[in-house]
Amino acid sequence: MEIEKLAKLARINLSSEEKEKLQKEFEAILGYISILKEADTGDWEDGFSKREIFNATRLDENAHEAEKFTKDLLEGAPFTEGGYVKVKHVFE
Amino acid sequence: MSLNNLTIKKAQKLLADKEISAKELAAYFLKIIEEKNKSVNAYLEVFGDALGEAEKLDKEGIGGRMLLGIPLAVKDNILIKGKTCSAGSKILQNYKASYDATAIKKLKSAGAVFLGRTNMDEFAMGASTENSAYGVTKNPIDLTRVSGGSSGGSAAAVAMDGCLGALGSDTGGSIRQPASFCGVVGLNPTYGAISRSGLIAMASSFDQIGPIAKTVEDAEIIFNAVKGSDPMDSTSSSTPDFDEKKYNGKLKIGMLKYDKNGVDKEINESMEKSAKIFKDLGYEILEIEMPNIKYSVPCYYILVPAEVSSNLARFDGVKYGLFKEGKNLTEDYMKTREAGFGPETRRRIMLGTYVLSAGYYDAYYAKAQKVRELIKKDFDRAFDLKNGGVDAIISPVSPSVSFKIGEKANDPLKMYLEDIFTAPAKMAGLPAMSLPVRQAGIPSGLNPEGLPIGLQIIAPRFGENLLFEIGKKYEHIASKNQMA
């Protein structure tokens, strides 16, 4: 398994010791998980479509007044400027 | 006046009769916390304004408020406006909540007093609180053992008499297992029964807020104060039909058939004893087999890491929490997340990223979703009363009693197997309660070392009232036996 590639996808720096450790642990965990292959899920499509699953949406109305929560929310951000969260360039 | 063995129910009476003030009550528990928290580490923070808030409530008067003056503890992943909320993580060490969770709003309007926030496994991932960035919560009954997890701080706070009740959260067993390890009552409500607005998300198709308390009745009181639909949580149920459900007559209880190997002998025996108690109560006991629930834990450890990897993507050092500087934006993310997340959180994010990645998605995530449906069907059949089904299912809560600190900390798979009895109900979004085992003659079931054993009762969706009714009757046996 490409631990290195996964770490990059997950945006986490990992030490080489941790990468090695994870490799071993993943083998054990994935080995245990593989029991799912035995489960007979042949008739799943039917069962799933019968369940009442629906999207819960609300109407796009009654918006709160602008900037009502801005100050409270920005207080948590490490860097702000002029009422915005400040980040480094996304594209270099 | 002795306040030993005080329950919410008894405290409500004392407060209503003006035998005690909310301030005196809060002071009583704050003193216990001061004595015991250093060794137990149940609370990460005791709120400096608790006494003042209690005094304010005394001035406002009793009114009709459900929880007026009742001192409660809150798990560190539930937002209280203006207070630090760290989810047991370094990445949120200095995060101050910008709003109240809906459950907190409801408790505030019911008049509850918040004593402090309680320790937990980081982002609620774990079964022992050993994954907390702020140290383990020890079991108040035996300080060399864990309090369970992830809501170990809340369970220990109740067990050490450091509050009258607490909020926890349950994703795979995080309310029920610590409640069972600490000898208290814990309820994982039906998925959608309590709003999760303001609960820091771990795995959104599983997470639920629920109460931990000393008695079933107290858990019911807290549950009733916080339940109900909420426009701020689209997954909260708009048809909370638990209010109308009443249960009478001869109930059928299904005793779950499970592999007794790998489960403590005393726990296996306790199941027989509990079955006898239910028989004596006039219930019918049937053995019940559910062929697919053995897949619950493997299924859980695909679906939950998958949801974790996407939910925790928000912790990037930009919007809130810890920030570690790198050479560019991507490096900022990578360094921040390396420094902020602990080992189990990193492990689950990585595992989730793996099972969701192209080429593996069908074999893992899609397959697990299908198996989840099989498990739901097992429960549908088990609760189908017209076809030989039962009203409720009983099983152990955990395969062992509270284990030694460090015993399982270095083996993630071993820790995952703690969820073997608690994960199935979560697969189907069902309510399940953990309560201390009762035995004839002694007030609570304990193993030879004096450690508590829990019993789990699982009900159909919105069957909370059934759990409360069965639980109260079961609890009552103990006090009757004690008096006889």
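Values in this document were obtained by computation on a predicted structure and should not be read as measured data. (Residues numbered from 1 in each chain as written. Chains lettered and ligands numbered in written order. Predicted model: local features only at pLDDT ≥ 70, side-chain atom pairs only at ≥ 80, totals over all residues. Heavy atoms only, no water.)

Let's shift gears to the side chain of Glu-373 of chain B. Residues and elements named next belong to chain B. Here Glu-373 lies in helix H12 (residues 362-382). Its relative accessible area of 3% is what places Glu-373 among the buried residues. Among the polar contacts listed, one links the side chain of Glu-373 to the side chain of Lys-376, at a separation of 3.2 Å. (Helix = DSSP H or I, 4+ residues; strand = E, 2+ residues; numbered from the N terminus. Buried < 20%, exposed > 50% of the residue type's maximum accessible area, 1.4 Å probe, protein only. Polar contact = N/O pair within 3.5 Å; in protein donor to acceptor, adjacent residues only side chain to side chain.)

This paragraph deals with the packing of aromatic side chains. Residue and element names in this part refer to chain B. Counted by the stated rule, this structure contains 19 aromatic pairs over all chains. Taking the centre distance of 5.2 Å and the plane angle of 25° together, the rings of Phe-278 and Tyr-474 count as stacked. A residue pair is termed long-range when its members are at least 10 positions apart, and Phe-278 in helix H8 (residues 265-280) and Tyr-474 in helix H15 (residues 464-483) qualify at 196 residues. Both residues of the pair, Phe-278 and Tyr-474, belong to the buried class. Consider the rings of Phe-315 and Tyr-320, whose centres lie 5.9 Å apart with planes at 55°: the pair is tilted. (Phe/Tyr/Trp six-rings, centres within 6.5 Å; stacked < 30°, edge-to-face > 60°.)

All names here are of chain B. Spatially, eleven strands are ordered E1-E3-E2-E6-E8-E7-E12-E13-E11-E9-E10 in an open sheet, and the strand pairing comes out mixed. Looking at strand neighbours, the two that pair on one side only are strand E1 (43-46) and strand E10 (284-288), the edges of this open sheet. Within this sheet the neighbouring strands show an average axis-to-axis angle of 25°, counted without direction. Across three bridges, strand E9 (residues 252-256) lies against strand E11 (residues 392-396) in parallel orientation. Each residue of the ladder has a partner; that of Met-255, found in E11, is Ile-394. (Pairing = 2+ DSSP bridges. Axes fitted to C-alpha atoms, helices over the stretch in contact; angles between N-to-C directions.)

The next point concerns the environment of Ile-288 of chain B. Note that Ile-288 of chain B resides in strand E10. Measuring from C-alpha to C-alpha, the distance between Ile-288 of chain B and Gly-254 of chain B comes to 5.3 Å, with 34 residues separating the pair along the chain.

Residues and elements named next belong to chain B. Core analysis: the largest hydrophobic core is formed by 166 residues, its most contacted members being Leu-67, Leu-115, Phe-123, Phe-379 and Ile-393. Not counting chain neighbours up to four residues away, the residues in contact with Phe-123 comprise Ala-87, Ser-89, Ile-91, Leu-92, Ile-200, Met-202, Leu-312, Phe-315, Phe-341 and Thr-345. In terms of nonpolar packing, the next biggest core, distinct from the first, is built from six residues, Ala-127, Val-136, Val-146 and Phe-181 among them. (Core = buried A, V, L, I, M, F, W, Y, C linked by side-chain atoms within 4.5 Å. Contact = heavy atoms within 4.5 Å.)

Before going further, it helps to examine the interface of chain B and chain A. Taken together, the contact between chain B and chain A spans 51 residues of the former and 46 residues of the latter. Of the roughly 4400 Å² buried where chain B meets chain A, counting both sides, 69% is carbon and sulfur surface. On inspection of chain B and its partner chain A, the count reaches five salt bridges. The shortest N-O distance in the salt bridge between Lys-88 of chain A and Glu-325 of chain B comes to 2.6 Å. Where chain B meets chain A, there are twelve residue pairs in polar contact (both at pLDDT 80 or more). Looking at the side of chain B that touches chain A, the elements that each hand over two or more residues are helix H9 (296-311), helix H10 (329-340), helix H11 (343-356), H12 and helix H13 (412-416) of chain B. Considering every element that reaches the side of chain B that touches chain A, the biggest residue donor is H12 of chain B, with eleven residues. Class assignment of the residues belonging to the side of chain B that touches chain A gives a composition of 26 nonpolar, nine polar and 16 charged. (Buried area = accessible area lost by both parts, 1.4 Å probe. Salt bridge = Lys/Arg side-chain N within 4 Å of Asp/Glu carboxyl O. Nonpolar A, V, L, I, M, F, W, Y, C, P; charged D, E, K, R; others polar.)

Attention shifts here to the packing of helix H2 (residues 16-33) of chain A against H11 of chain B. In the contact formed by H2 of chain A and H11 of chain B, the axes pass within 11 Å of each other and the chain directions differ by 60°. As judged from the angle between their axes, H2 of chain A and H11 of chain B are oblique. Our pair here, H2 of chain A against H11 of chain B, has a crossing hand that is right-handed. Taking contact as the criterion, the partners of Glu-18, Lys-21, Leu-22, Glu-25, Phe-26, Ile-29 and Leu-30 of chain A in H2 of chain A are, on H11 of chain B, Pro-343, Arg-346, Arg-347, Met-350, Leu-351 and Tyr-354 of chain B. For the contact of H2 of chain A with H11 of chain B, the class distribution of residues is eight nonpolar, no polar and five charged. (Parallel < 35°, antiparallel > 145°, perpendicular 65-115°, else oblique. Left-handed = near helix turned anticlockwise from the far one by under 90°.)

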